[in-house]
Amino acid sequence: MSRWSTSSILTMKKSKFKAFCTPITSSTEIPGLLEDIFKLDKTVQKASHPLMYAWKTTQSNLTDKQAKSAAVELNKLVNLNQGFNDNREGGSGLRILGMLDRLHLVNILVIVSRWYGGTPLGPARFKCMSDVGMEALRNGGYLGFKGKWTDCSKKTPIGNMLSGRSRAFVFRSTLTRNTRYFSVTRSTYIDVKSHNSLNDTLNCLRENGDTDPDLKSGQTYHDIINHHASRVEKLPKEEVIEKEYDDLYMLSLTLLKLLENTPEVSQEYKKEILNNLIEKFSQYNYAVSTLALRKLLEDKRNLSLESINQLITHNPGRVDSSWSLYHKLKPEEPHDIIAISALKKLLYGDSVEIKENLHKVDIKKLIQILQIYETVGDKSLIDDKTYLCLMDNLIKLNCTAIVTSMYIPPAIIETLINENDGTPLNNIDYLYLYEASINNGVSLSGNALLKTLMPISKLQLTPIVDSENLKLVKSELGVEIKDLAPLSGIVEEIREQILELGLDDTPEMMNNLIKSAGFYSNDLKAAIKYFQNYQTKVPDGTVAQNNLKSIISLVCTYDCIVKEDKKMINVAEVLVPQTPLPAANNLAAL
């Protein structure tokens, strides 16, 4: 195993970054080292962008003694090579390579892995990559030679850093797809950092677009896109759309025309630039995405994962619905973040649907939503708001039974039972939510148990029948609803939990336990047992005690009717309370 140095994990808005570095002397070592990473840290295999990297190698004709004092001259460095791989995160490899240039490091490979957290970070993601890269290099001891080019394979300086025109090397390429090389010397005609508006850049492109050498290498395209993305990110979105909407389109159109007429830029790098346009500007002007997308759609593998995510997230629905777009663009391997973005668009609606009030979820759309939900491997990435919206639609469409075959976070189930602001729950909904909680190995809270007792108890009086919508979902998706335990057993289980938690200490719950056993479970013996236990816990002659007696009297009467046994009617008459109200009033009050 090579001499790896690593950084700690840096987290920003749930996205995670980690860097690895190791000394190398030749690019031929890289394929084997990339394999080493998966052995060194097995979690990298699950990263959204596992292998974003850059490398730099050289040989020096200087002796160690000369290197410590002499300035490096052009003819003293031989076979100076560099390269990078973006791993479908446009601009990432270039940033890492730029860091090696600034630090004057050679004979080194730096790899950064990113686990996407669901929230686009914009340009901030590049700073995260640089931060973890710097930490890995610092931990490896490669940053101790300021002002010198450092040979990381020996951890020694190989001379003073180069300056002026002597740095004008052109590097040679030996790596494969997604690797790009360019001149170190940059004579920039378009100083985009000084531009305070899109018009500044457009005017500059009209004047210098055909002569800027960095447009020939491709780097200026990224500089322009990243600069304006960073600039508009600081403005209110409404202001960007109002003031710069058209200019964003014109800038993108201009860049694409220049790119078409720049044969010096490789096809692979052109794809990176197009992806960068989509990633950065889709949220402000979706027409920009359409321009770039047309050039990439020959093969959807040309699209970066972030581009696909942005296209789905900001799709207005004018041409393709988000369902159609998702199926057109989704990667061959399931990708959780992209699936969740599509899930949200179907739940909340495309902007065109919302404008025309056609965004409500019907059974057809619910089936599409559930199909996407099943592809999400890490359900913890789905936020609470989305879960609640999904559950609300299941309840509205009488398909709550589906939750027994899904993973629903306990907090979501608790919210639906205790603080539901959406569609009111039917008795059957309480049952399926209770079963979903048990299937997930989690018991409901005490408050939720109290709220589920009576609705589930009442279900014992009528057969449970699948709704027509539920039948359709089961047929279309092949969903198998888990068999429920006998209702009498479920109700008894809830009552036992209430007793174990000591929640039967209020008159209301005492009454409910007697009703649950006597009226709905048809268990007179259990009802009488509850009554005997509770009548000693409430003061004599109070309304609370009268209610207990009235309820048990009615339970006895009910049992007498159901079993056609007149003997219990005498017990019922005895139990009817006489004070402080007349017997008829006590019963009528219930």
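Residues numbered from 1 in each chain as written. Predicted model: local features only at pLDDT ≥ 70, side-chain atom pairs only at ≥ 80, totals over all residues. Heavy atoms only, no water.

If you look the chain up in an unreviewed UniProt entry, it shows as Impact N-terminal domain-containing protein from Pichia kudriavzevii. According to UniProt, the comment filed for the chain under the heading Sequence similarities (unreviewed entry) is "Belongs to the IMPACT family." (UniProt positions renumbered as here; feature names shortened; annotations may be inferred.)

Let's talk about the pairing of strand β7 (residues 108–115)
The element β7 is largely enclosed, with a buried count of 8 among its 8 residues. Going residue by residue along β7, you find Ile108, Val110, Val112 and Arg114 tucked away on one face and Leu109, Ile111, Ser113 and Trp115 tucked away on the opposite face as well. Relative to β7, strand β3 (residues 15–23) is paired through 8 bridges, and the arrangement is antiparallel. Within the sheet, the bridge partner assigned to Phe20 lies in β7 and is Ile111. (Buried < 20%, exposed > 50% of the residue type's maximum accessible area, 1.4 Å probe, protein only. Helix = DSSP H or I, 4+ residues; strand = E, 2+ residues; numbered from the N terminus. Pairing = 2+ DSSP bridges.)

Details of the packing of helix α19 (residues 446–458) against helix α22 (residues 507–520)
Direction vectors running N to C along α19 and α22 enclose 20°, while the axes themselves pass 10 Å from each other. The orientation of α19 with respect to α22, classified from their angle, is roughly parallel. Of the two possible hands of crossing, α19 and α22 adopt the one that is left-handed. Packed against α19, whose contacting residues are Leu450, Leu453, Met454, Ser457 and Lys458, the element α22 presents Met509, Asn512, Leu513, Lys515, Ser516 and Tyr520 at the interface. Looking at the contact of α19 with α22 residue by residue, the class counts come to 6 nonpolar, 3 polar and 2 charged. (Axes fitted to C-alpha atoms, helices over the stretch in contact; angles between N-to-C directions. Parallel < 35°, antiparallel > 145°, perpendicular 65-115°, else oblique. Left-handed = near helix turned anticlockwise from the far one by under 90°. Contact = heavy atoms within 4.5 Å. Nonpolar A, V, L, I, M, F, W, Y, C, P; charged D, E, K, R; others polar.)

Some remarks on the pattern of salt bridges
Inspection of every chain in the model, using the stated rule, returns 15 salt bridges. With a shortest N-O distance of 2.7 Å, Asp101 and Lys56 are connected by a salt bridge. Here Asp101 is found in helix α3 (residues 92–103), whereas its partner Lys56 is found in strand β4 (residues 49–60), with 45 residues between them in sequence. Across the pair, Lys56 and Asp101 agree in class, each one buried. One salt bridge connects Arg231 with Glu244, and the closest N-O pair in it is separated by 2.7 Å. Of this pair, Arg231 sits in helix α7 (residues 219–233) while Glu244 sits in helix α8 (residues 237–260), placing them 13 residues apart in sequence. Using a relative accessible area of 10% as the deciding quantity, one classes Glu244 as buried. It is possible to trace a salt-bridge network through shared partners that takes in Glu89, Arg114, Arg125 and Glu279. (Salt bridge = Lys/Arg side-chain N within 4 Å of Asp/Glu carboxyl O.)

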